[in-house]
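# Coordinate inspection notes
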Amino acid sequence: MLALKRCLPYVSFLILLFVSSGIHAQTKVLSGIILDIQSGERVPFASMRLVKNGYGKLSDSAGGFTFRFEQWPRDTLQISYVGFQTFSLVLGDSLYNRKKNDTIFVVINLLRANYINEVVVSRKVDFGLLLWRKIVKHKEFNDRYRFQNFSYELYNKLELDLNKINRDRMENVKLLKPFAFILNNIDSSESNPFLPIYITETLSDYYYERDPLRRREEIKGSKTVGLNNESVSKYLGGMEQNIDFYNNFIPVFDKRFASPLSNNGDYYYRYKIVDTQYVNSRRLLHLIFTPKRKGENTFEGDCWVHDTSFAIQKMTLRLGPSANVNFVEELTLIEEFSLLNDTTWFLSKDKFVVSLAALGKNRLGLIGRKTTTYKNIVYNDSSVTRVLDKNKLPEEVLFTGNARERSDSFWLRYRHEELSKDEKAIYKMMDTLIKMPAFHAYANALNFIGTGYLDIGNYEIGPWYNWIYSNELQGLRLRFDLGTNKGFNKNLTLHGYLAYGFGDQVWHWEGDGLYIFKRNPRMSLYAMFRQDLDYGQQYYDEITSDNIFALAVRKPGIPIKFINLTEQKLEWFKEWINGFSFTFTADHKVYNPELNLAPMSDFVKGPGNPMNGFEMSINLRFAFLEKFFETTFYRTSLGSEYPIIDVKYTHGFPGVLGSTLTYNKLYVSISDYVKVPPLGTIYYNLFGGKTTGIQPYPFLNVAPGNETYYYNKYAFSLMNKYEYLQDQFLGFNYEHHIGSGIFRFVPLTRKLKFRQFYNVKLLWGHLSPANEAYNNNPDYTFKSLNGQTYMEVGTGVDNIFRFFRVDFIWHILPTGQDLSYIQKFGVFGSFRVSF
């Protein structure tokens, strides 16, 4: 009996175990995850309630949930979360019959809603504002940039998708028939079907030091199928993708938005605490925020805040509906932070998701998804300093070994997270496309339309917009260009054109070549030979004067000035890693005025051609940490965070190749783009120069005028070309883009996303009496400022229909009764694409 009594508890336990197993075998399980449909991020602590039953619970910290039932209920599961539309899942036969088992897993995608109705603070004590003040007070203890140094391994992934895909319509487009297989990759799991089309991955080691400020990124792997561009690969790394929510302003494309964690955040936002949860025994407060005013560069969103350290555990930022950003339908920025130890929070993941709708809200659009994860974090360690000691500049980005040629096995081993089914399908699709001749033919055709150039084997033709032109001197002018591309030679490019005017029956031509000895830092040699009309001041022209669009925007009654130029130029360029560059140029120019300018006969005073000049120049340029977008042969400056300084000295040598002129020229320029959030962006350019000796007007400084109604920021809008002549000058160009400005106060202009700007242009000039007497004659008379100041001011409306800008320009100085010839006011237009 005693033994039986002792065994009874164990027997009871076994019976209970078997009974429980039988019960669980009959249990119905409904589980799943809740996602933000736009970003794909999981939604933690969402409220879930069975409508009829009344039972409710919250999703866990990873957005997951599980319900257990003895029998499948006939009910409705409602899921709600601040900032999202309430979702209702009908629990009925339509769901159960589809699964036909005792376990059902569902993915709930929540659609966005506005936070506007969520933040209504009427209590005497504003706890949301108090929490924000605590966060700001503790920023210096929680921002990762508080450390003297840190490093981490960074994995960056960028995916591009086409959304709002209409498969039936696309299948019926004949031009897309060769690519019909791509449509098999359409993902219809979301409300708007999307087609993944491109993906890139980057793996790098990133190093930072606060004082002195130094940064370094060593890219260990870069996978950009079909896009072999080093400058793009660098931009997709970590150096250019750093966003810090603790900063006062956060970059969004080319703009700066006020951060909810800004020191002045209470000027821009309302705050409210809506929830409290515990994760790993830590209490987190759920704070939401909305803009106080419409039309400002602000976000709406929420964050989870640790209640002891007041560190951010996760923050989600979204552009509000009134944000003045073009083409963006939705945009989400997310940062997640993890504890490295019991007290140190550090960034562990960030995500950037944007939906672009350039063609309209209901038309085909583009989704960009950038995900970055951080591992192997080290801070305040001498190992970081040792690596940064390798830097020759404060900021360096470099590729290690064969970083751009990593094998699939490398990525399987080192990428921080496994690729999804859609992402794997993108690589397969891209490999197939690259092998298709039809794909390359379509790509070339689109490039021809967009850039004007068409590749034909190892050669290229174009630009097409220069092929046909007409003017009063040449009549109908036809031109054909032919050049080489990278298939011919990766370091050498050759180009030339031949043009014929049916009016003057004269052939014109040009031949030029560029050889690149070294790419980073750059060293190159350029040679050019030409005999053609010089359309004048093309350095200052945003649209040149010899294309099919130029005549449509010319001011009426102002004759085109024609001057023929025969030129041979040789240019050596050398750049150093610190941003300093040196250009040596030997240039032989022979001018011959053709029409509407003083003829050469007015300048003949002795033997030789009075407009034949041979010069050598040295140009010194300093652009610290300037960034570029580079193609095979050419590059476009993306600017620098520092002013760019140019100094050029030129000397004219007589007796070389028939030259008759002796002169010295000095030109100095300093320019910069300065972001001044929340007041927008300022551009300025201060320039000046001097020419010695008595010279004909092509070798003096002709003030930059504009004879079209297309606005040119480098020229004076109410001044004509070849109107003012000077041998010494000083100028200042200033433009301030304010953003929404006063337009945000008017509902209509705020909805249309108009933008405000103003500009000021000043020029002080002087022409010596000797040069004035030499260049002015009965055939043509130049004007001189004679020490006076020329001034134009302007303002207008930018971002009209997202593309157009209208400038209203007033002439202010000089004044006087004898200046009646000066145009006092003008309206100009221009076209531009910007976010």
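Right, let's walk through the structure included here. Everything quoted here is computed from the prediction, not taken from an experiment. (Residues numbered from 1 in each chain as written. Predicted model: local features only at pLDDT ≥ 70, side-chain atom pairs only at ≥ 80, totals over all residues. Heavy atoms only, no water.)

Secondary structure assignment for the protein yields 13 helices and 42 strands. Long-range contacts, defined here as pairs at least 24 residues apart, represent 64% of the contacts in the protein between residues at least 6 apart. Summed over all atoms, the accessible surface of the protein reaches about 41100 Å², with 58% contributed by carbon and sulfur. (Helix = DSSP H or I, 4+ residues; strand = E, 2+ residues; numbered from the N terminus. Contact = heavy atoms within 4.5 Å. Areas by Shrake-Rupley, 256 points an atom, 1.4 Å probe, with all protein chains shown as cover.)

The next point concerns empty space enclosed by the protein. To find leftover empty space, a probe the size of one water molecule is rolled over the atoms. As enumerated under the stated definition, the model contains five cavities of 30 Å³ or more in all. If you add up the space inside the second largest cavity, you get close to 130 Å³. Lining the second largest cavity are 14 residues, with Arg-42, Pro-44, Asp-302, Lys-314 and Thr-316 sitting closest to its centre. Contributions of two or more residues to the lining of the second largest cavity are made by strand 15 (299–306) and strand 16 (312–319). (1 Å grid on protein atoms, 1.4 Å probe; cavity = no way out; pocket = protein on both sides within 12 Å on 5 of 7 lines; lining within 4 Å. Points joined across faces, edges and corners; volume = space filled by probe spheres on them.)

Glancing now at the side chain of Asp-727. Tracing the chain through its elements places Asp-727 in the loop between strand 37 (725–726) and strand 38 (728–739). Although buried, Asp-727 forms no salt bridge, and the nearest oppositely charged side chain, Lys-690, lies 5.7 Å from it. Within the structure, Asp-727 has its side chain in polar contact with the backbone nitrogen of Ser-768 (distance 2.9 Å). Beyond its immediate chain neighbours, meaning those up to four positions away, Asp-727 contacts Gly-689, Lys-690, Thr-691, Leu-700, His-766, Leu-767, Ser-768 and Asn-771. (Buried < 20%, exposed > 50% of the residue type's maximum accessible area, 1.4 Å probe, protein only. Lys, Arg positive; Asp, Glu negative; His and termini not counted. Salt bridge = Lys/Arg side-chain N within 4 Å of Asp/Glu carboxyl O. Polar contact = N/O pair within 3.5 Å; in protein donor to acceptor, adjacent residues only side chain to side chain.)

Turning next to the pattern of salt bridges. Throughout the structure, instances matching the rule amount to 36 salt bridges. Here Lys-255 and Asp-254 are joined by a salt bridge, their closest N and O atoms 3.0 Å apart. For Asp-254, a relative accessible area of 37% puts it in the partly exposed group. The salt bridge partner of Glu-296 is Arg-744, with a shortest N-O separation of 3.6 Å. Linking Glu-296 in the loop between strand 14 (282–291) and strand 15 with Arg-744 in the loop between strand 38 and helix 12 (747–751), this pair joins segments that are 448 residues apart in sequence. Just as Glu-296 is buried, Arg-744 falls in that class too.

The subject of this paragraph is the environment of Gln-313. Inspection of the secondary structure assignment puts Gln-313 in strand 16. Overall, the relative accessible area of 25% leaves Gln-313 in the partly exposed class. For the pair Gln-313 and Glu-335, spaced 22 residues apart in sequence, the C-alpha to C-alpha distance is 8.3 Å. Discounting residues that sit within four places of it in the chain, Gln-313 has contacts with Leu-284, Trp-304, Glu-335, Glu-336, Phe-337 and Trp-345.

All we've got here are geometric facts, nothing functional implied.
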